[in-house]
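# Residue-level structural notes
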Amino acid sequence: MLWVLFLLVAWGAAAISCVRLCLAAARLAPPRSGLSREPRRTADGPELTLYETAFLAGGPHRVADLALVTMHLRRRLLLAHTGWATVVDPDGRDDVERTVIRAIGPQGQSPIPPVRAAAAAADAVRALADRLVAAGLALPGQAGTDLVSAVRAVRGAALLVAAMGTAALLTPGLEQGPGGSGIPVLVWFGLPLVLTLGCLAIARMEVHPYSSWASPAGQRLLDVRTATADSPEGDVLVAVAVRGVRAVADPALRAALGGRGTRNVP
């Protein structure tokens, strides 16, 4: 009866992961009172700004990357392929750019990774996040991260159920068990597998894509920006806000933002 132990493990993993996913999804559900199909807009206008787009698509570090790329393309900052940032114009055009310049320091030159980290943790980015949360476009706290982690846990549980079922079928003496075959065992393991796959299917319909930052309302606005980024005439900064640094066509700039080669000053 070793297969019963495998079955208990499978059921335990399936039940715990599915309950966790349900709780994470419930925390993202909007309140029933005043619920509207139309997403609330930001205070800055009817459309997302580039910084808002970057935050909803990739969080604080995406905002920092967007600021670095913007300043580089507009010749206010030089990002060398060696991984160093050099200030060209010390006058930032907004709070995020001024944060980047302060992070580089009085020498006017710094490795890019600490600059990116400082900009991502700056008050300007936190204030942006607070505005988006207040507008109902961003997820508060770790809600989005919890949802992504819960979905991964259910996927892992589904794989574990399949592995436990396979191990049970290979257990010696199973053919002498009830029914004389492994069919009843497959049925027992099929139930938790259906449970996990069903939860994943429902989650995909209700809360997909599993964003760590954007609420369902924010995701709908973000989809508009994504369509713009995917168009042939799309702005490179919009593409960076939506896709991250992988949207940069310049290999030297991608190398700079990848953090490689920071040992030597450019």
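Provided above is the structure to which this section pertains.
Report follows, based on the coordinates. (Residues numbered from 1 in each chain as written. Predicted model: local features only at pLDDT ≥ 70, side-chain atom pairs only at ≥ 80, totals over all residues. Heavy atoms only, no water.)

### Focus: the overall build of the protein chain
Along its length, the protein chain carries eleven helices and three strands. Counting helices and strands in the order they occur from the N terminus, the protein chain gives α-α-α-β-β-α-β-α-α-α-α-α-α-α. A buried classification covers 43% of the 266 residues belonging to the protein chain. Partitioning the intrachain contacts of the protein chain with sequence separation of at least 6 by distance along the chain shows that 73% fall at a separation of at least 24. Carbon together with sulfur atoms contributes 61% to the accessible area of the protein chain, which is approximately 14,300 Å² in total. (Helix = DSSP H or I, 4+ residues; strand = E, 2+ residues; numbered from the N terminus. Buried < 20%, exposed > 50% of the residue type's maximum accessible area, 1.4 Å probe, protein only. Contact = heavy atoms within 4.5 Å. Areas by Shrake-Rupley, 256 points an atom, 1.4 Å probe, with all protein chains shown as cover.)

### Things to note about the pattern of salt bridges
Taken as a whole and judged by the stated rule, the model has five salt bridges. R76 is paired through a salt bridge with E97; the nearest N and O atoms lie 2.7 Å apart. Separated by 21 residues along the polypeptide, R76 in the loop between α3 (60–73) and β1 (77–79) and E97 in helix α4 (residues 95–104) bring together distant segments of the chain. Note on accessibility: R76 and E97 belong to one class, buried. (Salt bridge = Lys/Arg side-chain N within 4 Å of Asp/Glu carboxyl O.)

### Details of the sheet that holds strand β2 (residues 84–87)
Spatial strand order, β1-β2-β3: three strands in an open sheet with antiparallel pairing. Each having just a single partner strand, β1 and β3 (109–111) make up the two edges of the open sheet. Strand-to-strand, the axes of this sheet are offset by a mean angle of 20°, without reference to chain direction. As defined by bridge partners, β2 adjoins β3 across three bridges and the pair is classed as antiparallel. Bridge assignment links T86 to a residue of β3, and that residue is Q109. Sitting on the sheet, helix α5 (residues 112–120) touches β1, β2 and β3, and the angle it makes with β3 is about 90°. (Pairing = 2+ DSSP bridges. Axes fitted to C-alpha atoms, helices over the stretch in contact; angles between N-to-C directions.)

### Let's talk about unusual backbone geometry
The phi torsion at R75 lies on the positive side, around 60°, for a residue other than glycine. Among the structural elements, R75 can be located in the loop between α3 and β1. For R75, a relative accessible area of 62% translates into the label exposed.

### A look at a nonpolar patch on the surface
A cluster of nonpolar side chains, namely W11, W188, L191 and L195, defines an oily patch on the protein surface of about 360 Å² accessible area. Position of W188 among the secondary structure elements: in helix α8 (residues 183–207). Taking the relative accessible area as the measure of exposure, W188 reaches 43% and is therefore partly exposed. (Patch = residues over 30% accessible without salt bridge, like charges linked within 9 Å, V, L, I, M, F, W, Y side chains within 5 Å.)

### Observations regarding helix α6 (residues 123–134)
Here α6 contains twelve residues, and its C-alpha end-to-end distance of 16 Å stays within 8% of the 16 Å for a straight helix at 1.5 Å per residue. Among the residues of α6, those classed as buried are V125, L128, A129 and L132. The arc enclosing the buried residues of α6, seen along the axis, measures out at 100°, which places them on a common side. Among the exposed residues of α6, those oriented more than 90 degrees off its buried face are D123, D130 and A134. (Expected span 1.5 Å × (residues − 1). Arc of directions from axis to C-beta.)

### Observations regarding the side chain of T99
Examined against the element boundaries, T99 turns out to sit in helix α4. Given the relative accessible area of 9%, T99 is considered buried. Those residues in contact with T99 that sit more than four places away from it in its chain are A118, A119, A122 and A124.

### Regarding the nonpolar core
Core analysis: the largest hydrophobic core is formed by 41 residues, its most contacted members being F55, L56, V63, L68, L79, V100 and L137. The element best represented in this core is α3, accounting for seven residues. (Core = buried A, V, L, I, M, F, W, Y, C linked by side-chain atoms within 4.5 Å.)

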